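What follows is the residue order along each chain.
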Amino acid sequence: MKLESNWLVSSQTVANIQRFFGLELDPPSDIVTNNKSSTSNGHTSTHNGVHHRQKQEAPSQSKVEEITTTKDASTKVETRYSVKNRFWYWLFAFGATLGDDVFYYTFYPFWFYNLSPWVIRRVILMWGLIMYVGQSSKEILRWPRPSEPPAVRIEKRYFKEYGMPSTHAMVGTLVPFTILAVTWDHYEYSHTWGVALASSYTLLVCFSRLYRGMHYILDILVGTGVCMLLLAINLQFIDALDHFLVTHPYAPIPLIAVAFLLCLIYPCKDDNGWSSTRNDTTMCLSCVSGIMTACWICNQLGWLIDAKVPVSQPIMFPGWTSIALMLLRELIGCCIMVLVHVTMRTLVLFLLSLVMGRKIDRSKETTVYVELPYKFIAYFCICCAMVLVSPVTFKALGIPIYTFNV
């Protein structure tokens, strides 16, 4: 592969970094092929002499050529690797989750329920912009991920996506530095510690992508650089945009229309018009539009205290009672979102079946005409429930949110 002639886009460089942190690919003689299996890659890892096995799905050869080891689509390959340092393994496993769906489902609600809706609204707006730029760039550039061997590729989900730029690196830069920028003049804390924590957060996420064999160094550098550039430009307008979306009487109309249009024109080149990156981007934009629409409704009802300015106060470590209440709100809020998700998933599929005049089976029909409305409407409603239903529920249970005047 011509791309690998440079160390910035070299699978061998990624493998060297992995070996430095104690992750090594076992000799090729340990690779076993089973032609009767379905299309998947698997691996077994050794933790201080103990082997672990995890199956992973490989992409088609037309997607990323160097990942597949055979032209037979029904081939299973088991790759063995050794983990010689458990500390780095679990640290980078944690770092990888900071850019996954589980992180979004827990981190954003926690800020809404317990910290500052004013701050997290700005993070979410930047998240929508940067994720769209990053994910659509993958579909346009179509650069492959590091090959195995020599590198060890741990995460199966992202085999279906291209690698340039690293959206994990973009999110890992976006979240801490947006929080740092928007709180700089509004909250009392040590700016030195703030910069140190934000930088550590970004470095952890970036190195986790190299350790887990999912990106070249150039993917990381471009993702981080593009994110910092977009932050430098758009943070100049983020207050005005948030104010417009929360206070303007007709703000939800252009917001929802633009978000849905961007999902519709997403540059996906797959045959059925749908891909893993389009799925994630649709989820992201529907969440942004759902959260901001719900905040607009809260402001219209007079619930949103920090619609114009943040509720500023010194940042102090909470007591044990406050921590327990925070975790309780988070648990109840997540339960509400899961309930809404299950309800809306069934309802949206039912409505799509009525509109199309036939029963929709998502397991057999993954097309843009099914997935786009299904994902957009479902996640839009989930995020509306997170902002609208949860504060009312908390007040009824005697654990109100101080930033919502319900």
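Residues numbered from 1 in each chain as written. Predicted model: local features only at pLDDT ≥ 70, side-chain atom pairs only at ≥ 80, totals over all residues. Heavy atoms only, no water.

What follows covers the overall build of the chain. Each helix and strand in the chain was counted, giving twelve helices and five strands. Across the 406 residues in the chain, those meeting the buried criterion constitute 53%. For the chain, the share of sequence-separated contacts (at least 6 apart) that also reach a separation of at least 24 residues comes to 80%. Total accessible area on the chain stands at roughly 18900 Å², and carbon and sulfur atoms take up 66% of it. (Helix = DSSP H or I, 4+ residues; strand = E, 2+ residues; numbered from the N terminus. Buried < 20%, exposed > 50% of the residue type's maximum accessible area, 1.4 Å probe, protein only. Contact = heavy atoms within 4.5 Å. Areas by Shrake-Rupley, 256 points an atom, 1.4 Å probe, with all protein chains shown as cover.)

Those residues of helix α1 (residues 11-20) that fall on the buried side of the exposure criterion are Ser11, Thr13, Val14, Ala15, Ile17 and Gln18. Summarising the contacts, the buried residues of α1 are in contact with β1 (23-25), α6 (191-211) and α7 (217-234). Between the side-chain oxygen at the start of α1 and the backbone nitrogen of glutamine 12 there is a gap of 3.2 Å, and the oxygen is on serine 10. Glycine 22 sits one or two residues past α1 and shows a positive phi near 90°. (Polar contact = N/O pair within 3.5 Å; in protein donor to acceptor, adjacent residues only side chain to side chain.)

So, about the packing of helix α3 (residues 101-114) against helix α10 (residues 276-300). Look at α3 against α10: their axes get within 13 Å of each other, and the N-to-C directions meet at 10°. Between α3 and α10, the crossing angle belongs to the class labelled roughly parallel. Between α3 and α10 lies a crossing whose hand is right-handed. For the pair α3 and α10, the contacting residues are Asp101, Tyr104, Tyr105 and Phe112 in the first and Met283, Ile291 and Cys295 in the second. In terms of residue class, the contact of α3 with α10 is made up of six nonpolar, no polar and one charged. (Axes fitted to C-alpha atoms, helices over the stretch in contact; angles between N-to-C directions. Parallel < 35°, antiparallel > 145°, perpendicular 65-115°, else oblique. Left-handed = near helix turned anticlockwise from the far one by under 90°. Nonpolar A, V, L, I, M, F, W, Y, C, P; charged D, E, K, R; others polar.)

Averaged over the chain, the pLDDT score is 79; the fraction of residues at 70 or greater is 81%. Ignoring residues within four places in sequence, the model shows residues 30-77, a span with pLDDT below 50, making 119 contacts including any to other chains. (pLDDT = per-residue confidence, 0-100.)

Inspection of every chain in the model, using the stated rule, returns six salt bridges. Between arginine 209 and glutamate 155 there is a salt bridge, with the nearest N and O atoms lying 2.9 Å from each other. With arginine 209 in helix α6 and glutamate 155 in the loop between α4 (117-141) and α5 (167-183), the pair connects residues that are 54 residues apart, well separated along the chain. A salt bridge links glutamate 155 to arginine 212; the nearest nitrogen and oxygen atoms lie 2.5 Å apart. (Salt bridge = Lys/Arg side-chain N within 4 Å of Asp/Glu carboxyl O.)

This next bit is on unusual backbone geometry. Trans peptide bonds make up the majority, and among non-glycine residues the majority have a negative phi. Notably, arginine 142 is not glycine yet its phi reads approximately 55°, a positive angle. Inspection of the secondary structure assignment puts arginine 142 in the loop between α4 and α5. Here arginine 142 falls in the partly exposed class, since its relative accessible area comes to 28%.

This part takes up the state of the cysteines. All chains considered together, the criterion is met by zero disulfides. Considering cysteine sulfurs only, cysteine 334 is the nearest to cysteine 335, which forms no disulfide, with 7.1 Å between them. The class for cysteine 335 is partly exposed, based on a relative accessible area of 46%. A disulfide-free cysteine, cysteine 383 has its sulfur positioned 3.4 Å from the sulfur of cysteine 287, the nearest such atom. (Disulfide = S-S within 2.5 Å.)

The subject of this paragraph is the packing of aromatic side chains. Across all of its chains, the model carries 21 aromatic pairs by this definition. Both rings, one in tyrosine 104 and one in tyrosine 108, keep their centres 6.0 Å apart while their planes meet at 10°; by these two values the pair is stacked. Of this pair, tyrosine 104 and tyrosine 108 are both found in helix α3, four residues apart, which corresponds to roughly one turn of the helix. In this pair, the class of tyrosine 104 matches that of tyrosine 108, namely buried. The structure contains a cluster of three or more aromatic residues connected by ring pairs, namely Phe20, Phe21, Phe87, Trp88, Tyr89, Trp90, Phe92, Phe207 and Tyr211. Of note, arginine 122 hangs over the ring of tryptophan 118, and the distance from its end group to the ring centre comes to 3.8 Å. (Phe/Tyr/Trp six-rings, centres within 6.5 Å; stacked < 30°, edge-to-face > 60°. Lys NZ or Arg CZ within 6 Å of the ring centre and 35° of its normal.)

This next bit is on the packing of α3 against helix α12 (residues 368-396). Remark: α3 packs on α12, axes separated minimally by 11 Å, with the N-to-C direction vectors making an angle of 35°. Both α3 and α12 take part in a crossing whose hand is right-handed. Across the interface between the two elements, Tyr105, Pro109, Phe112 and Tyr113 from α3 touch Tyr379, Met386, Val387, Ser390 and Phe394 from α12. Tallied by class, the residues present in the contact of α3 with α12 amount to eight nonpolar, one polar and no charged.

Within the element layout of this structure, serine 208 appears in helix α6. Setting aside residues up to four positions removed in sequence, serine 208 forms contacts with Phe92, Gly95 and Ala96.

Below, the discussion takes up a nonpolar patch on the surface. A cluster of nonpolar side chains, namely Phe260, Leu261, Leu264 and Ile265, defines an oily patch on the protein surface of about 370 Å² accessible area. You can see leucine 261 is positioned in helix α9 (residues 252-264). (Patch = residues over 30% accessible without salt bridge, like charges linked within 9 Å, V, L, I, M, F, W, Y side chains within 5 Å.)

Glancing now at α10. With 25 residues, α10 extends 36 Å from end C-alpha to end C-alpha; this agrees with the ideal 36 Å at 1.5 Å per step. For α10, the tally of buried residues reaches 21 of 25 residues, placing the bulk of the element in the interior. Phi turns positive, to about 80°, at glycine 302, one or two residues after α10. (Expected span 1.5 Å × (residues − 1).)

Inside soluble globular proteins, nonpolar side chains tend to come together where they are buried. Core analysis: the largest hydrophobic core is formed by 96 residues, its most contacted members being Tyr108, Phe112, Trp127, Val175 and Val387. Counting residues per element, this core draws most heavily on α12, which supplies 16 residues. Among the nonpolar cores identified, the runner-up in size contains five residues, and Val9, Ala15, Ala151 and Tyr216 belong to it. (Core = buried A, V, L, I, M, F, W, Y, C linked by side-chain atoms within 4.5 Å.)

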